[in-house]
Amino acid sequence: MPSEDRLMRLDEAGRVLEWHRAAQETFGWSAEEAVGRTVAALLRGGPAGLTRPDVMPPVLVRPVLADEALVWDVCAAAEAASGQDLAILRAMFTQSPVGLHVLDDRLRIVRVNTATRALRGMAEDRLLGRVFSRAYGLADPAQEEAAARRVLASGRAELNRIVRVTPGASGREHGVYSVSYVRLENVRGDILGLVASAIDVTEREHALWRLSVVDEVRRRVGERLDVIAACQEFVDAVVPRFSGIAVVEVVEEVVRGEAPPLVPVGREVPLRRAAFRGVVSAYPVGEVRRLPYGTPFSRVLTDLRPRLLTVEEGTLWLAADPPRADAIRASGAHSLIVAPLALRGEALGVVSFYRHREEDPFEEADVALAADVCAHAALCIDNARRYARERTIAATVQRRLLPQRPALPDTVELSHLHLPAPEGGGAWFDVIGMAGSRTALIVGEVAGHGMAAATTMGQLRTVIHSLASLDLAPDELMARLSDTAARLAAERAALPTGDPLHREPLTASCLIAVYDPIDLTCTFVRAGLSEPVMVPPGGAPAVVSVPAGPLLAGPGNAPFPATTVDLTAGSTIAIGTRVLAREVLAPSAPLRALFDEHAHEPLPELCDAIAYAVSDGRRSEDALLLLARTAALPADRVFGCDLPAGPEAAPFAREAARRRLRAWGVDQEAAFTTALIVSELVGNAVRYGAPPMRLRLICNGMLTCEVSDGAMSAPHLKHARTTDETGRGLFIVATLADNWGTRYQAGGKTVWAQQSLDGCP
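Residues numbered from 1 in each chain as written. Predicted model: local features only at pLDDT ≥ 70, side-chain atom pairs only at ≥ 80, totals over all residues. Heavy atoms only, no water.

J.: Report on the packing of aromatic side chains, specifying residues and quantitative values.
T.: Tallied over the entire structure, the rule returns five aromatic pairs. Between Trp209 and Phe242, the ring centres sit 6.1 Å apart and the planes meet at 25°, which makes this aromatic pair stacked. Placement of the pair is Trp209 in helix H7 (residues 202-220) and Phe242 in the loop between helix H8 (227-238) and strand S10 (245-251), with a sequence separation of 33 residues. Taking the relative accessible area as the measure of exposure, Trp209 reaches 25% and is therefore partly exposed. Taking 6.1 Å as the distance between ring centres and 75° as the angle between the ring planes, the aromatic pair formed by Phe234 and Phe353 counts as edge-to-face. (Phe/Tyr/Trp six-rings, centres within 6.5 Å; stacked < 30°, edge-to-face > 60°. Helix = DSSP H or I, 4+ residues; strand = E, 2+ residues; numbered from the N terminus. Buried < 20%, exposed > 50% of the residue type's maximum accessible area, 1.4 Å probe, protein only.)

J.: Explain the pairing of strand S20 (residues 521-527) to me, using residue names and the numbers behind them.
T.: Across the seven residues of S20, seven count as buried, placing the element largely inside the fold. Burial of S20 is two-sided: the residues Thr521, Thr523, Val525 and Ala527 facing one way and the residues Cys522, Phe524 and Arg526 facing the other way are all buried. Direction of pairing for strand S19 (residues 508-516) relative to S20: antiparallel, over a ladder of seven bridges. Following the sheet pairing, Ile512 is matched in S20 by Val525. In sequence, S19 turns back onto S20 through a hairpin of four residues, with Leu520 there showing a positive phi of about 55°. (Pairing = 2+ DSSP bridges.)

J.: Could you give me a rundown of a nonpolar patch on the surface, with the residues and numbers involved?
T.: Residues Phe672, Leu676 and Leu736 make up a contiguous nonpolar surface patch of about 270 Å² in total accessible area. Assignment of secondary structure puts Leu676 in helix H19 (residues 668-688). (Patch = residues over 30% accessible without salt bridge, like charges linked within 9 Å, V, L, I, M, F, W, Y side chains within 5 Å. Areas by Shrake-Rupley, 256 points an atom, 1.4 Å probe, with all protein chains shown as cover. Salt bridge = Lys/Arg side-chain N within 4 Å of Asp/Glu carboxyl O.)

J.: I'd like a description of the environment of Phe560, backed by residues and values.
T.: Residue placement: Phe560 occurs in the loop between strand S23 (548-549) and strand S24 (563-566). Taking C-alpha positions, Phe560 is 7.0 Å from Arg526, a pair spaced 34 residues apart along the chain. Sequence-distant contacts of Phe560, defined by excluding residues within four places in its chain, comprise Asp475, Met478, Ala479, Ser482, Val525, Arg526, Ala527, Gly549 and Pro550. (Contact = heavy atoms within 4.5 Å.)

J.: Explain empty space enclosed by the protein to me, using residue names and the numbers behind them.
T.: For the structure on display, the rule yields three cavities of 30 Å³ or more. Of the volumes computed, that of the largest cavity is approximately 80 Å³. The wall of the largest cavity is formed by Ile245, Val247, Arg273, Phe276, Val280, Ala282, Arg324, Ala327, Ile328, Ser331, Ala333 and Tyr354. Elements represented by at least two residues in the lining of the largest cavity include exactly S10, strand S11 (270-277) and helix H11 (322-331). Top element by residues in the lining of the largest cavity is H11. It accounts for four residues. Here the lining of the largest cavity is built from residues that sort into nine nonpolar, one polar and two charged. (1 Å grid on protein atoms, 1.4 Å probe; cavity = no way out; pocket = protein on both sides within 12 Å on 5 of 7 lines; lining within 4 Å. Points joined across faces, edges and corners; volume = space filled by probe spheres on them. Nonpolar A, V, L, I, M, F, W, Y, C, P; charged D, E, K, R; others polar.)

Listed below in structure tokens is the structure:
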């Protein structure tokens, strides 16, 4: 401070230590007369005609530390503080809850407000003269001292700094304060020191911390609809933010997607240790066991009341669970909160929060926080449980709707690779035996997942089987399947807007391949799926060029063009849904080289090679690949002959059939029945059909009689009256045969009938 501004310096008792020229000019006393006397005596008895106290000029009185002693500098003031200003300052330093600290330019405390809650009752002389960062037990004193020096050097105030005080320091409790630093200057801009204000924000910070814990749990828990994943997300969210150790144990029925038990939970109910994060786990994660009786963990499941416990060496319940007691000792845990995972009076599990080593013990307010976060975790776990149950049901429905053990003909060898989606999907395949020893290979895919996709897939499979029994051509079969899918889509669109299915339009794709082992041809038709791949014996795989048809239930009435290709016996056909077609069958697929390398191996080995190599990433939809290796029907199992156009056609056909049946070793009774069926079919062709006519017998597990003619007229089954002379032919055929039907082709039609014969190879 400039010496010309200073009037005098006083000690703590008010005695004059220094008396400057300005004081002599103002008050009239010389330095020899004033030094050693009290300032009060000087003002009362001043020389005649000089300044009296009531007309004394304005002065500034400033505390200063000199040689570890507190002295007061009295200086001439350019501006005088008003009485109101002085009253405000007096109130701030004696009554304000805001902690005020006046620091000199060396950051030592020269004045302090001791009226705050934190400093109430503390002796002021314990603080005066000490550097402020050392006078209090700050968590990071160096950082605060650096901040104060920045303000002292730059004059730029630093406001609302969050400062933590460690417990026990200077007799103070743990606290959090909002501290601001402002530089002190006189009217000429000279730096006098700092004012540091401190506001106790412990409760506010604790409230914010509690909110941050709840927000973190709500943000992180429930991202995945999986019970175990939700439990792991929960312990990751609370450790170390809320506790140093966390354990989640869930009722085993909940993990399986079943309904949780009601409270009180019986002793026999097992719990799975679903998640753990901490130092030492008492039991392996994933272990299923019953909780020992007489522990706070089992007690919580009887009344759903959270408990705050102090863990000490002699705690009684530790003896009931020795592995947990050992883990607690090894972890240094000293404070425990046990809280239930419960919803609507049903117990899903229990959570244990531990604080260990140097962590602060839990308080009663922490119990309410633990209950809040556990309530949210319970809701997420229950959602995951319900989803797991729905997923299990959907997957079960899908498995039951897929062909379990399809009856395979001798002419086709099958193998398939099915990679189900976690939620269950709508991919399927079918193998349907058709008249004439033909086999229909069908692969389809319903977009979406869950119960909706699985049930829609089941409906389409039922329709396909019904249409296949009518022996429709592949393109007509696909068109009628699309019509059915369109009706299902219309029903879904007509659902109330609140129904989830209303917002999910029905989309499905399909590919049908009909293999004829007699003609060695295969007819393909597709609706949306990728083109199939054919591998001739000893040859290179090649994509079969099949024109793309529209998706099932798609807009418009575009046709489904069919493609018929010659197929050498021993060829392999590969048909895949969208995912595996993109990864395996497409010419640029990443696994196409692998497929080409193993294409001639046995089909199970080819499936395994693809399964080992296919991406194991989490899939959101089903993936299916159907592999079929063809074989020719031996020529000795097929008999055919042309028939005359007149009435002699029936006896000619009967005799030809009897000769062939004797050669096949068919017994006499079955041969008689077959001859009768042949006679009726040929008689109908002669009467209602047109030449040319032909008879064909196929013996391949079942005996098939086929009569072809050049007419397109459709045969109709009639129930003749007793007086009718005609109309009984097809009725007799339908009675004697297991199945019969009509197949149309470009040059006419074929009426066929099938019988199950033990003697037919």
